[in-house]
Amino acid sequence: MNAGLMERICEELSRGMPRAVVSAWFSDAAVVSAKDQILKLASPTDYKREVIMARYIPQLADAMLAIFGVPYEIELVSAPPPEPPAEQSAEPPQPGGSQWHGLRDFIFERFIVGESNKYAYSAAQAVAESPGASYNPLFLYGGSGLGKTHLLYAILDKIRRQHPDYNILYFSAEQFTNDLVAALKEKSTDKFRGRYRGADLLLVDDIQFIAGRDFSQEEFFHTFNTLYDEGKQIVLTSDRRPRELQRFEERLLTRFEWGLAVDVKPPDFETRMAIVLDKAQRLGIPLPAEVAEYIAQAITSNVRQLEGTVKKLMASRDLMSSSLDLVTAQNVVADMIRQSPGLNPTPQLILSEVCSFYRLDERQITGKSRQAELVTARQTAMYLIRDMTSLSLEQIGDRIFSRDHSTVVHSIQRVEERRKEDTAYDNDIKTITENIRGV
């Protein structure tokens, strides 16, 4: 009974938490007893018990309420859990065919869903279930390394398996332009148009790369119209929402908005933790939970860098015979940050990038002048330092700008308001953030 109850608890927890997080903290937990409206739960290590007590008691209580319909108190005990029965893991179906070789990891079953991306994930699934019927086009936008291309491939994989007769065309916007240039040189534009306009499913990565390329936009406009009128599904990705794309024809931007535009945001801590654990499991690394938590706290910008950190940790273990412990993880993360300081930017790095963007020096930004340009740069720097570091408002005001924390609060509020009202300024913030991450 207790083993079955633990499975039901994990099922309930998974309704509101990534499954990889549930697995990390509760896969080796066991129900000792559940009577008198008290759940006694055993977890094998002090560390795990402390984390569960600190973070997951409300979720456990909600799970028990959902199962039994009455409130339960939660107690954590140190008795070792029983040995679980051996099970065979069910591997999700793999994409086949030489054309898509190497894409078996980019499927829906392996996409880690969290608060930052669940809307995009649901929309992508809906498109894959009924291509051309809803959300056409589907426009996925967000920064680099957040999972847009993964969702693109996942749509491709599912539709290819459900509709093996479909003519599926996946390409980058840059490839589209290169093919068009080649077709013009070879005087084979009819062949070019036949290829692109004959697709049953059109998947375009990084559509922003045809910005300012008038002939490419002209050809893509007619390609889009042909496929849309025939009810063919179109999926596009971009680094920003349609209305923020610069040097695009209005008629194209209008069509990008005909369907659904969805933001893929940077992962929150829970999602980052799930990504680290999932990657470690697929690489066969028995990663301790505290190591996974440290990586998730230290690397915050995107999925690709999280996965890169796990791979580097594996290399350290295999090549240097390093232990998979917290010290090794700290060394690996420190090395990653030395190579790419933007992974965990310092206030000084942020200030430097803001100065570079506005072509000002640090003394001007941290000084007392109230010139409009300097105030904008100063407020921007305060906002980004608060957003990208762990410094408190008091520390930002006192250590960097020699101002009271209330000034920092006002500056952050002003930036947040202005980003909603001023698209150009919002783009400036995104550009500076990308510059910082790319250092």
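The notes below deal with the structure included here. (Residues numbered from 1 in each chain as written. Predicted model: local features only at pLDDT ≥ 70, side-chain atom pairs only at ≥ 80, totals over all residues. Heavy atoms only, no water.)

Description of the overall build of the protein chain
Step number 1: Helix and strand content of the protein chain: 19 helices and eight strands.
Step number 2: Along the first, second and third principal axes, the C-alpha atoms of the protein chain reach 75 × 65 × 50 Å.
Step number 3: Going through the 439 residues of the protein chain one by one, you find that 47% of them count as buried.
Step number 4: In the protein chain, once contacts between residues fewer than 6 apart in sequence are set aside, the share between residues at least 24 apart is 69%.
Step number 5: On the protein chain, roughly 21,800 Å² of surface is accessible, and the fraction owed to carbon and sulfur atoms is 48%.
Step number 6: Each charge class in the protein chain can be summarised by its mean position, and for the 52 positive and 61 negative side chains these summaries are 4 Å apart. (Helix = DSSP H or I, 4+ residues; strand = E, 2+ residues; numbered from the N terminus. Buried < 20%, exposed > 50% of the residue type's maximum accessible area, 1.4 Å probe, protein only. Contact = heavy atoms within 4.5 Å. Areas by Shrake-Rupley, 256 points an atom, 1.4 Å probe, with all protein chains shown as cover. Lys, Arg positive; Asp, Glu negative; His and termini not counted. Charge placed at Lys NZ, Arg CZ, Asp CG, Glu CD.)

With respect to helix α18 (residues 405–421)
Step number 1: For α18, with 17 residues, the first-to-last C-alpha span of 25 Å sits near the 24 Å given by 1.5 Å per residue.
Step number 2: The set of residues buried in α18 consists of Val408, Ser411, Ile412 and Val415. For α18, the angular spread of the buried residues around the axis is 95 degrees, confining them to a single face. Along α18, the residues that are exposed and aim more than 90 degrees away from the buried face are Lys420 and Glu421. (Expected span 1.5 Å × (residues − 1). Arc of directions from axis to C-beta.)

Regarding the pairing of strand β1 (residues 30–35)
Step number 1: Sheet topology note: the β1/strand β2 (residues 38–42) ladder contains five bridges and is antiparallel. Within β2, the residue paired with Val31 across the bridge is Leu41.
Step number 2: Counted along the chain from β1 to the antiparallel partner β2, the turn is two residues long, and its residue Asp36 has a positive phi close to 55 degrees. (Pairing = 2+ DSSP bridges.)

Overview of the sheet that holds β1
Step number 1: Spatial strand order, β1-β2-β3: three strands in an open sheet with mixed pairing. In this open sheet, the two strands that pair with only one neighbour each are β1 and β3 (73–77). Each strand of the sheet is rotated relative to its neighbour by a mean of 20 degrees, with strand direction disregarded.
Step number 2: Along the sheet face, helix α3 (residues 46–68) touches β1, β2 and β3 and points at about 145 degrees away from the line of β3. (Axes fitted to C-alpha atoms, helices over the stretch in contact; angles between N-to-C directions.)

Notes on the side chain of Lys148
Step number 1: As for its position among the elements, Lys148 is in helix α5 (residues 148–162).
Step number 2: For the buried residue Lys148, which engages in no salt bridge, the nearest side chain bearing the opposite charge is Asp206, 5.4 Å off.
Step number 3: If sequence neighbours within four positions are ignored, Lys148 has contacts with Leu140, Tyr141, Gly142, Gly143, Thr237, Ser238 and Val264. (Salt bridge = Lys/Arg side-chain N within 4 Å of Asp/Glu carboxyl O.)

Considerations on the environment of Asp325
Step number 1: Along the chain, Asp325 turns up in the loop between α12 (303–320) and α13 (326–339).
Step number 2: Put simply, Asp325 and Ile365 are 40 residues apart on the chain and 42 Å apart in space, counted from C-alpha to C-alpha.
Step number 3: For Asp325, the side chain forms a polar contact with the side chain of Thr328, separated by 2.8 Å. (Polar contact = N/O pair within 3.5 Å; in protein donor to acceptor, adjacent residues only side chain to side chain.)

Some thoughts on the pattern of salt bridges
Step number 1: For the structure shown, the criterion picks out 19 salt bridges.
Step number 2: Salt bridges sharing common partners tie together Asp157, Arg160 and Arg161.

Side note on the packing of aromatic side chains
Step number 1: Overall, the coordinates contain 19 aromatic pairs when judged by the stated rule.
Step number 2: Taken together, a centroid distance of 5.6 Å and an interplanar angle of 50 degrees make the contact between Phe106 and Tyr153 tilted. With a gap of 47 residues between them, Phe106 in the loop between β3 and α4 (118–129) and Tyr153 in helix α5 connect regions that are remote in the sequence.
Step number 3: Seen from their ring centres, Tyr228 and Trp258 are 4.9 Å apart, and the 50 degrees between their planes marks the pair as tilted. Of this pair, Tyr228 sits in helix α8 (residues 214–229) while Trp258 sits in the loop between α9 (250–256) and β8 (260–263), and the two are 30 residues apart along the sequence.
Step number 4: Relative accessible area serves as the criterion here: at 39%, Trp258 is assigned to the partly exposed category.
Step number 5: Taken together, Phe139, Phe171, Phe176, Phe192, Tyr196, Phe220, Phe224, Tyr228, Phe248, Phe256 and Trp258 form an aromatic cluster joined through their ring pairs.
Step number 6: Positioned over the ring face of Tyr196 is Arg195, at 4.9 Å from the centre of the ring.
Step number 7: Against the face of Tyr425 rests Arg418, its NZ or CZ located 4.1 Å from the ring centre. (Phe/Tyr/Trp six-rings, centres within 6.5 Å; stacked < 30°, edge-to-face > 60°. Lys NZ or Arg CZ within 6 Å of the ring centre and 35° of its normal.)

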